[in-house]
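Now for the letters of each chain:
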Amino acid sequence: MDAPIREAIGDASWFVDARFGLFIHWGLYAMPARHEWVKSRARITDADYQRYFDHFDPDLYDPAAWARVAKDAGMKYFVITTKHHDGFCLWDSEHTDYKVTNTPYGKDLIRPMVEAFRAEGLRVGFYHSLIDWHHPEYPVDRVHPMRDDTESRAQSKQRDVGRYAEYLHAQVRELMSDFGQIDYLFPDFSFPGEDGKGRDDWQSESLVKMVRELQPQILVNGRLDLLDTSWGWDFRTPEQFAVREWPQMNGRRVLWETCQTFSGSWGYHRDEATWKSVAQLVRVLVDTVSKGGNLLLNVGPTARGEFAERALNRLGAIGEWMRGHDRSVYGCTRAPAGFETPTDCRLTYNPTTKRLYVHVFAWPVGQLYLDGLAGKVRYAQLLNDGSEIPFVAPSSHQASLDRVAEGSLVLKLPVRRPDVPVPVIELFLE
Ligand code: GLC
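Quantities reported herein were computed from a predicted structural model and do not represent experimental measurements.

### Points about the pairing of strand 11 (residues 355-360)
Right, so step 1: When you tally the buried positions in strand 11, you get five out of six residues, the bulk of the element.
Right, so step 2: As defined by bridge partners, strand 10 (residues 345-350) adjoins strand 11 across six bridges and the pair is classed as antiparallel. Of the residues in strand 11, the one forming a bridge with asparagine 350 is arginine 355.
Right, so step 3: Once strand 10 ends, the chain turns through four residues before running back antiparallel as strand 11, passing lysine 354 with a positive phi of about 55°.

### Some words on the packing of aromatic side chains
Right, so step 1: Enumeration over the complete set of coordinates arrives at 32 aromatic pairs.
Right, so step 2: Each member of the aromatic cluster is reached from another via a ring pair, and the members are Trp14, Phe15, Phe23, Tyr77, Tyr127, Tyr184, Phe186, Phe235 and Trp266.
Right, so step 3: For the cation-ring pair, arginine 6 lies above tryptophan 233, with the distance from its terminal atom to the ring centre recorded as 3.6 Å.
Right, so step 4: Above the ring of tryptophan 231, the side-chain terminus of lysine 209 is found at 4.7 Å from the ring centroid.

### Focus: the nonpolar core
Right, so step 1: Counting residues in each nonpolar core, the largest one holds 87 residues, and the members touching the most others are Trp26, Phe117, Phe126 and Trp321.
Right, so step 2: For this core, the element with the highest residue contribution is helix 7 (residues 161-177), accounting for six residues.
Right, so step 3: Looking at this core, you find at least three residues from each of domain 1 (13-328) and domain 2 (345-429).
Right, so step 4: If we skip the residues at most four places from it in the chain, tryptophan 26 touches Pro58, Tyr61, Trp66, Ile80, Thr81, Leu90, Leu109, Met113, Pro301, Thr302 and Gly305.

### Looking at empty space enclosed by the protein
Right, so step 1: Tallied over the full model, the rule gives one cavity of 30 Å³ or more.
Right, so step 2: A volume near 60 Å³ is recorded for the largest cavity.
Right, so step 3: Along its surface, the largest cavity is lined by His128, Leu130, Leu168, Val172, Leu185, Pro187, Leu207, Val208, Val211 and Leu224.
Right, so step 4: Those elements giving two or more residues to the lining of the largest cavity turn out to be helix 7, strand 4 (184-188) and helix 9 (204-214).
Right, so step 5: Of the residues forming the lining of the largest cavity, the biggest block, three residues, is contributed by helix 9.
Right, so step 6: Counted by class, the lining of the largest cavity contains nine nonpolar, one polar and no charged residues.

### Some details on the state of the cysteines
Right, so step 1: Inspection of the entire model under this criterion finds zero disulfides.
Right, so step 2: Cysteine 332 takes part in no disulfide bond, and the closest cysteine sulfur to it belongs to cysteine 345, at a distance of 16 Å.

### Side note on the domain arrangement of the protein
Right, so step 1: Considered domain by domain, the protein is made up of domain 1 (13-328) and domain 2 (345-429).
Right, so step 2: Its C-alpha centre places domain 1 at a distance of 39 Å from the equivalent point of domain 2.
Right, so step 3: Of the roughly 1200 Å² buried between domain 1 and domain 2, counting both surfaces, carbon and sulfur atoms make up 66%.
Right, so step 4: By the criterion of area lost to domain 2, the three top residues of domain 1 are His325, Arg327 and Ser328, representing 42% of everything that side buries.
Right, so step 5: Where domain 1 packs against domain 2, one counts two salt bridges.
Right, so step 6: Measuring nitrogen to oxygen at the nearest pair gives 2.6 Å for the salt bridge that ties arginine 346 to aspartate 287.

Cut-off values and rules
- Residues numbered from 1 in each chain as written.
- Predicted model: local features only at pLDDT ≥ 70, side-chain atom pairs only at ≥ 80, totals over all residues.
- Heavy atoms only, no water.
- Buried < 20%, exposed > 50% of the residue type's maximum accessible area, 1.4 Å probe, protein only.
- Helix = DSSP H or I, 4+ residues; strand = E, 2+ residues; numbered from the N terminus.
- Pairing = 2+ DSSP bridges.
- Phe/Tyr/Trp six-rings, centres within 6.5 Å; stacked < 30°, edge-to-face > 60°.
- Lys NZ or Arg CZ within 6 Å of the ring centre and 35° of its normal.
- Core = buried A, V, L, I, M, F, W, Y, C linked by side-chain atoms within 4.5 Å.
- Domains from an automatic or database assignment.
- Contact = heavy atoms within 4.5 Å.
- 1 Å grid on protein atoms, 1.4 Å probe; cavity = no way out; pocket = protein on both sides within 12 Å on 5 of 7 lines; lining within 4 Å.
- Points joined across faces, edges and corners; volume = space filled by probe spheres on them.
- Nonpolar A, V, L, I, M, F, W, Y, C, P; charged D, E, K, R; others polar.
- Disulfide = S-S within 2.5 Å.
- Buried area = accessible area lost by both parts, 1.4 Å probe.
- Salt bridge = Lys/Arg side-chain N within 4 Å of Asp/Glu carboxyl O.

In structure tokens form, the structure reads like this:
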């Protein structure tokens, strides 16, 4: 089968089978409600950002409800921001006071979340920010909220990034030790070079070694600035764009997962209007799987602790599609070489069941040509209702006017497109 050629260090089989996960960006930034980078973008001081800490009280938080929504959407794992760039911690860390248990809410958010998602059978992933705009030893750099403040810049020279790295390591140790098996870690992110930060600042090498010691099966993303090593990462994470083909490094296909938002923001953004449609989102999922990758789709819960209506609507509709079509996603990957992708379609393939799935993005008139598949298909059906899709031979009239490639299989489609976000034809291969 077309599998990643560079094997991951951790156990990737569950991840490849799963194909679809939920990203959750949650923290104090849900309150200003205009992007999780608001502290940096608006150059907000610690003193001014404190008002969110002082009023954080997600009283409607019900992790069991979140986990059910994710499961019903067809997601097999979830990834939660334990800390984002603003430095606010969602668990009861021993190493800081800047944590949820000191807000009016007063309780740990992570433990009940991990338990609830596990209870629904989902795997557990932690996002943890390498960047920290609150820690006193974290030097002011080119993306720091205080970057334009001369006094902070001057004072920053006394900051010791080594002390910050100790804090980072201690917290990651806590996260890797206190919550049972953690399947996945998303450290975020490195920006080496002039006025930036990278592997020497984070001490990435010893960090990843410690993580693998504590959680040997874990999968770690490629954002620790260790891409030139064979042991410092398991998967790549193209973010907010669709790759044109299976990502490679040094000519070898790699394990990968794309993360995408419903709109532009990861954190809850009240006034944003650029939300993707359900059909667009399903196409993103299918397109990703057709190139051998996973989709991590993000929700930014509100400051009251809920998934907003717009997110629930989309997740519900994706789940409805998944109910009928999930076997074209789970355990599937890129189609084997030699199977040409028809116009306006994507192919996914399950190497175990030997079924090929044609995802029809734009419904054609009457017929669908599958080049290279003549004689290779036993039976074809629509996945949404299990109705047969017959094979036809092109008429002599058609053959006199059009190229009818040898080796092509021609499917006879109903005129009306099935009323689902993406119709799928299931082909049972010989
Ligand atoms: C970027 C952003 C961040 C977001 C992340 C998700 O690195 O800094 O806000 O959490 O991507 O992949």
